[in-house]
Amino acid sequence: MEEVEVTSLTKGNNKKRKFKRICVYCGSRVGYKSAFSDAALELGKQMVERKIDLVYGGGSIGLMGLVSRTVFNGGCHVLGVIPTALLPHEISGDTIGELKAVADMHQRKSEMEKHADAFIALPGGYGTMEELLEMITWSQLGIHDKPVGLLNVDGYYNNLLALFDKGVDEGFIDHSARHIVVIANTAEDLINKMEEYAPIHEKVAPRERWEVDQLLESTQSEDNALI
């Protein structure tokens, strides 16, 4: 996996990340408020201004379509990753950018993570929330150390954030792990914060261990298939 490019800040010993590709999770619907569509368009414009390529779920409708078209029309690369079963449901008309069809949702998330330097969730439904939570979990476990951003448009995710706080209060989430999620109300503020993100939580296991374990599991599966 490619390392995130970093440049030094002018103050202190902090590092500022420079993203080449951001994975965006968002709904295949636009929602009832114009603020959601406006936020998707603004995120796309911010990515174009910063010359950041897009990795996303491959759909051409809803907020996914708005973000991907904005980034693609702005001259940046777009990679969509979509399970074959969802092709008739999430694509209407022409596809946008490069499209990669995969077997299932697990492979979709793995491919999207592999190609991205950071993650941003816009408003969306169960699928968006599940993708967001998995990347938060992977960060906590030590599988990646990439920034995970939440664009909290019009307070859409307030209740989810309150649940995270409840998890801390009740002893199920470490206080340091609560800061895995980078939160902002605008795309510009969110990307700026994510550029300065540095993990402070204790990881369950180092990334190298996860890579070795996954390789062993893959090898064992191949061996079993030959028996």
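The rules we used
Residues numbered from 1 in each chain as written. Predicted model: local features only at pLDDT ≥ 70, side-chain atom pairs only at ≥ 80, totals over all residues. Heavy atoms only, no water. Helix = DSSP H or I, 4+ residues; strand = E, 2+ residues; numbered from the N terminus. Buried < 20%, exposed > 50% of the residue type's maximum accessible area, 1.4 Å probe, protein only. Areas by Shrake-Rupley, 256 points an atom, 1.4 Å probe, with all protein chains shown as cover. Phe/Tyr/Trp six-rings, centres within 6.5 Å; stacked < 30°, edge-to-face > 60°. Patch = residues over 30% accessible without salt bridge, like charges linked within 9 Å, V, L, I, M, F, W, Y side chains within 5 Å. Salt bridge = Lys/Arg side-chain N within 4 Å of Asp/Glu carboxyl O. Lys, Arg positive; Asp, Glu negative; His and termini not counted. Charge placed at Lys NZ, Arg CZ, Asp CG, Glu CD. Axes fitted to C-alpha atoms, helices over the stretch in contact; angles between N-to-C directions. Parallel < 35°, antiparallel > 145°, perpendicular 65-115°, else oblique. Left-handed = near helix turned anticlockwise from the far one by under 90°. Contact = heavy atoms within 4.5 Å. Expected span 1.5 Å × (residues − 1). Pairing = 2+ DSSP bridges.

Side note on the overall build of the protein
Right, so step 1: When you go through the protein residue by residue, the secondary structure sums to eight helices and nine strands.
Right, so step 2: Each of the 227 residues in the protein was classed as buried or not, and the buried ones make up 43%.
Right, so step 3: Here the protein has roughly 12400 Å² of accessible surface; of this, 51% comes from carbon and sulfur atoms.

Topic: the packing of aromatic side chains
Right, so step 1: All told, the structure shown has three aromatic pairs when counted by the stated rule.
Right, so step 2: Aromatic pair Tyr25 and Phe119: ring centres 6.2 Å apart, planes at 0 degrees, arrangement stacked. Pair noted here: Tyr25 is in strand β3 (residues 21–25) and Phe119 is in strand β7 (residues 118–121), with a separation of 94 residues, a long-range link. No difference in accessibility class separates Tyr25 from Phe119, as the two residues are buried.
Right, so step 3: Each member of the aromatic cluster is reached from another via a ring pair, and the members are Phe36, Tyr156 and Tyr157.

Digging into a negative patch on the surface
Right, so step 1: On the surface, Glu42, Glu49, Glu188 and Asp189 cluster together to form a negatively charged patch.
Right, so step 2: Looking at the negative patch, the elements that each hand over two or more residues are α1 (34–49) and α7 (187–195).
Right, so step 3: Within the fold, Glu42 resides in helix α1.

Describing the packing of α1 against helix α2 (residues 62–73)
Right, so step 1: Across the interface, α1 lies against α2 with an axial gap of 8 Å and an inter-helix angle of 25 degrees. The angle between α1 and α2 places the two elements in the roughly parallel class. Regarding α1 and α2, the two cross each other, and that crossing is right-handed. Seen from α1, the contacting residues are Phe36, Ser37, Ala40, Leu41, Gly44, Lys45, Met47 and Val48; seen from α2, they are Leu63, Leu66, Val67, Thr70 and Val71.

Things to note about α2
Right, so step 1: For α2, built from twelve residues, the straight-helix expectation of 16 Å at 1.5 Å per residue is met to within 8% by its first-to-last C-alpha distance of 17 Å.
Right, so step 2: Taken together, the buried positions of α2 are Gly62, Leu63, Met64, Gly65, Val67, Ser68, Thr70 and Val71.
Right, so step 3: Immediately beyond the C-terminal end of α2, within one or two residues, lies Gly75, with a positive phi of roughly 95 degrees.

Let's talk about helix α5 (residues 126–141)
Right, so step 1: Here α5 spans 22 Å end to end across 16 residues, near enough to the 22 Å set by a 1.5 Å rise per residue.
Right, so step 2: Those residues of α5 that sit buried are Thr128, Glu131, Leu132, Glu134, Met135, Ile136, Trp138 and Ser139.
Right, so step 3: Tucked inside the fold, the buried residues of α5 contact β3, α4 (105–115), β7, β8 (148–151), α6 (158–169) and β9 (181–184).
Right, so step 4: After α5 finishes, the residue Gly142 shows a positive phi value of roughly 100 degrees.

Quick word on the sheet that holds β3
Right, so step 1: Read from one edge to the other, the open sheet built from seven strands follows the order β6-β5-β4-β3-β7-β8-β9, with strand pairing classed as parallel. This sheet does not close on itself; its edge strands, each paired only once, are β6 (98–102) and β9. Going across the sheet, the axis of each strand differs from the next one's by a mean of 25 degrees, ignoring polarity.
Right, so step 2: Where β3 meets strand β4 (residues 53–56), four bridges bridge the pair, whose relative direction is parallel. What sits directly across from Ile22, in β4, is Leu54.
Right, so step 3: Of the strands in this sheet, β4 and β5 (78–83) are in contact with α2, which crosses β4 at around 155 degrees.
Right, so step 4: Relative to the sheet, α4 contacts β3, β4, β5, β6 and β7, its axis offset from that of β5 by approximately 160 degrees.

Observations concerning unusual backbone geometry
Right, so step 1: At Lys51, a position not held by glycine, the phi torsion is positive, near 55 degrees.
Right, so step 2: Overall, the relative accessible area of 67% leaves Lys51 in the exposed class.
Right, so step 3: The phi torsion at Asp154 lies on the positive side, around 55 degrees, for a residue other than glycine.
Right, so step 4: Of note, Asp154 is situated in the loop between β8 and α6.

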